[in-house]
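Here is what each chain is made of, one letter per residue.
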Amino acid sequence: MIYSILTLFDIILILTMLWLAWCLLNTEDIFKAVVLFISFGLLMALAWVRMRAPDVALAEAALGAGLTGPLFLSALRRMNRTRKGERRLDSDENREKEHKANQEQG
Amino acid sequence: MSWMHTIFALILLPAIATGMFRILRGPTAADRMMTAQLFGTCGVAILLLLSTGMGNPVLLDIALVFALLAALATITFVRRTWHGSNKRNHGNPL
Amino acid sequence: MAATKETMEILYNCGTLFIILGLPFFLSGTVGLIRFPDIYTRLHALTKADNVGLGCIVCGLALQSGSWAVTAKLLLIWLLVLVASSASCHLIARSAMQKNIEPWTRS
């Protein structure tokens, strides 16, 4: 009785994780991918528990969900900043090009 | 080993799986992060039920780690990622 | 203190009742997260319903556990989840207010 229930639990868990992984690899938005990765880490800890490896589940919960999530979010902010900086650099370069073009014309 | 608790854990698992729609659809970034928080709370409940269901008291420690680190991602998100574009309330402490 | 067998059985059944009481809170929290129209109502559904559901489940498991150490650990877990989710709920709501996200009104 209990083993059939646990098997059903495993099947639902595996299907959810596969769907999650597919969405994670398929998405274009980086932030959405980060959130999906955090959720995947939480479900992965559950999967380790079901594989009777509670120690690995402990490490997965601490590292996968607890540390890499904030790390990725911090890196995302840094990325957005540099992207804005690049844009500003681009506009400056464009302005310099326009300036040079005006000088050549003048 | 108790089959009743395993059934309860099995009932809670679709609650996590349906939460995924909000990650995929969510209009703002905070909606997506809230779903990660839902995953944390539901994961703690499933681990507590499974620890009785599988007869393994070690799972309580994993639930403790889940509960400790669940807030970390959300707080980092609010302080680092989501904040910053609007500097209107900059005099607000914290 | 040695509890008699009848007392243990009553405690076990009360615990089962509490767990069954806690499950609909979780399910309604998820339904609220899916169905509610804006960010504040979704925060409300998620934070309150899930924490009450977890409280009921912790209460039921503590009644069934029959040892003080496990009960203390379960209460510690619930307390941590309460602190974590209320803090993050407050942060998200205040940040959304600062970003001028309008609350949903029936119109």
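Quantities reported herein were computed from a predicted structural model and do not represent experimental measurements.

Novice: So what about the pattern of salt bridges? Which residues, and what values?
Specialist: Inspection of every chain in the model, using the stated rule, returns four salt bridges over all chains. Its salt-bridge partner being Asp31 of chain B, residue Arg42 of chain C comes within 2.9 Å of it at the nearest N-O pair. Of the two residues, Arg42 of chain C is situated in helix H2 (residues 39-65) and Asp31 of chain B in helix H2 (residues 29-53); the pairing between them involves two chains. Exposure class is identical for Arg42 of chain C and Asp31 of chain B. Each is buried. Here Lys73 of chain C makes a salt bridge to Asp61 of chain B, at a shortest N to O gap of 2.8 Å. Residue Lys73 of chain C is found in helix H3 (residues 68-98), and its partner Asp61 of chain B is found in helix H3 (residues 59-82); the two belong to separate chains.

Novice: Account for the confidence of the model for chain B, naming residues and giving values.
Specialist: Residues and elements named next belong to chain B. Counting all residues, the mean pLDDT for chain B is 82, and 88% of those residues have values of 70 or more. Looking at the elements of chain B, mean pLDDT is at its lowest for H3, recorded as 86, and at its highest for H2, recorded as 90. Note on residues 86-94: pLDDT under 50 across the span, and eleven contacts to partners over four residues away in sequence or across chains.

Novice: Got a sec to walk through the interface of chain B and chain A? Specific residues and values, please.
Specialist: Often, the extent of an interface is quoted as the loss of accessible area on bringing the components together. Counting residues at the interface gives 39 residues for chain B and 38 residues for chain A. Summing the contributions of chain B and of chain A, the shared interface buries around 3,700 Å²; its carbon and sulfur component is 85%. Counting across the interface, chain B meets chain A through one salt bridge. Across the pair Asp29 of chain A and Arg32 of chain B runs a salt bridge whose closest N-O atoms are separated by 3.5 Å. The tally of links between chain B and chain A comes to three residue pairs in polar contact (both at pLDDT 80 or more). When residues of the side of chain B that touches chain A are traced back to their parent elements, those giving at least two are helix H1 (3-25), H2 and H3 of chain B. Looking at the side of chain B that touches chain A, its residues break down into 29 nonpolar, seven polar and three charged.

Novice: Describe unusual backbone geometry, with residues and values.
Specialist: Negative phi is the rule for most residues except glycine; trans is the rule for most peptide bonds. Notably, Arg52 of chain A is not glycine yet its phi reads approximately 60°, a positive angle. With respect to the helices and strands, Arg52 of chain A occurs in the loop between helix H2 (30-50) and helix H3 (54-105).

Novice: Let's hear about the packing of H2 of chain A against H2 of chain B: which residues, and what values?
Specialist: Packing of H2 of chain A against H2 of chain B leaves a shortest axis separation of 9 Å and a crossing angle of 5°. Considering their axes alone, H2 of chain A and H2 of chain B lie roughly parallel with respect to each other. Of the residues in H2 of chain B, those touching H2 of chain A at Phe31, Lys32, Val35, Ile38, Ser39, Leu42, Leu46, Val49 and Arg50 of chain A are Ala29, Arg32, Met33, Ala36, Phe39, Gly40, Ile46, Leu47 and Leu50 of chain B. Here the residues of the contact of H2 of chain A with H2 of chain B sort into 13 nonpolar, two polar and three charged.

Novice: An account of the nonpolar core is requested, with residue identities and associated values reported.
Specialist: Generally speaking, nonpolar side chains in soluble globular proteins are found buried as a group. Residues Met33, Val44, Ile46, Leu48, Leu50 and Phe77 of chain B together with Ile57 of chain C are the most contacted members of the largest nonpolar core, which totals 84 residues. It is H2 of chain B that contributes the most residues to this core, 15 residues altogether. When neighbours within four sequence positions are excluded, Val44 of chain B is seen to be in contact with Ala63, Phe66 and Ala67 of chain B together with Leu54, Ile77 and Val81 of chain C.

Novice: Describe a positive patch on the surface, naming the residues involved and giving the relevant values.
Specialist: A contiguous patch of positive charge, built from Arg78 and Arg81 of chain A together with Arg79 and Arg80 of chain B, is present on the exposed surface. Those elements that place two or more of their residues in the positive patch are H3 of chain A together with H3 of chain B. Here Arg80 of chain B shows up in helix H3. Classification of Arg80 of chain B by relative accessible area gives partly exposed; the value is 39%.

Novice: Residues and numbers for the interface of chain B and chain C, please.
Specialist: Each side of the interface is counted separately: chain B has 45 residues, and chain C has 43 residues. Carbon and sulfur atoms supply 72% of the area that chain B and chain C bury against each other, a total of about 3,900 Å² over both sides. When residues of chain B are sorted by the area they lose upon contact with chain C, Arg22, Met34 and Trp82 of chain B head the list and together hold 16% of the total. Inspection of the region where chain B meets chain C yields two salt bridges. On the surface where chain B and chain C come into contact, there are six residue pairs in polar contact (both at pLDDT 80 or more).

Novice: Break down the packing of aromatic side chains for me, citing the residues and quoting the values.
Specialist: This structure, assessed with the given rule, holds three aromatic pairs over all chains. The interplanar angle of 35° and the centroid separation of 5.4 Å between the aromatic rings of Phe31 of chain A and Phe77 of chain B together place this pair among those described as tilted. With Phe31 of chain A in helix H2 and Phe77 of chain B in helix H3, this pair bridges two chains.

Novice: Describe the packing of H2 of chain B against helix H1 (residues 5-35) of chain C, with residues and values.
Specialist: For any two helices packed against each other, one specifies the crossing angle of their axes together with the interaxial distance. One way to put it is that H2 of chain B packs onto H1 of chain C with a least axis distance of 11 Å and a crossing angle of 160°. Between H2 of chain B and H1 of chain C, the crossing angle belongs to the class labelled roughly antiparallel. H1 of chain C is crossed by H2 of chain B, and the crossing has left-handed handedness. Residues Met34, Thr35, Leu38, Thr41, Cys42, Ala45 and Leu49 of chain B of H2 of chain B touch H1 of chain C, and the partners they reach there are Ile19, Phe26, Thr30 and Leu33 of chain C. For the contact of H2 of chain B with H1 of chain C, the residue count by class is eight nonpolar, three polar and no charged.

Basis of the calculations
- Residues numbered from 1 in each chain as written.
- Chains lettered and ligands numbered in written order.
- Predicted model: local features only at pLDDT ≥ 70, side-chain atom pairs only at ≥ 80, totals over all residues.
- Heavy atoms only, no water.
- Salt bridge = Lys/Arg side-chain N within 4 Å of Asp/Glu carboxyl O.
- Helix = DSSP H or I, 4+ residues; strand = E, 2+ residues; numbered from the N terminus.
- Buried < 20%, exposed > 50% of the residue type's maximum accessible area, 1.4 Å probe, protein only.
- pLDDT = per-residue confidence, 0-100.
- Contact = heavy atoms within 4.5 Å.
- Buried area = accessible area lost by both parts, 1.4 Å probe.
- Polar contact = N/O pair within 3.5 Å; in protein donor to acceptor, adjacent residues only side chain to side chain.
- Nonpolar A, V, L, I, M, F, W, Y, C, P; charged D, E, K, R; others polar.
- Axes fitted to C-alpha atoms, helices over the stretch in contact; angles between N-to-C directions.
- Parallel < 35°, antiparallel > 145°, perpendicular 65-115°, else oblique.
- Core = buried A, V, L, I, M, F, W, Y, C linked by side-chain atoms within 4.5 Å.
- Patch = residues over 30% accessible without salt bridge, like charges linked within 9 Å, V, L, I, M, F, W, Y side chains within 5 Å.
- Areas by Shrake-Rupley, 256 points an atom, 1.4 Å probe, with all protein chains shown as cover.
- Lys, Arg positive; Asp, Glu negative; His and termini not counted.
- Charge placed at Lys NZ, Arg CZ, Asp CG, Glu CD.
- Phe/Tyr/Trp six-rings, centres within 6.5 Å; stacked < 30°, edge-to-face > 60°.
- Left-handed = near helix turned anticlockwise from the far one by under 90°.

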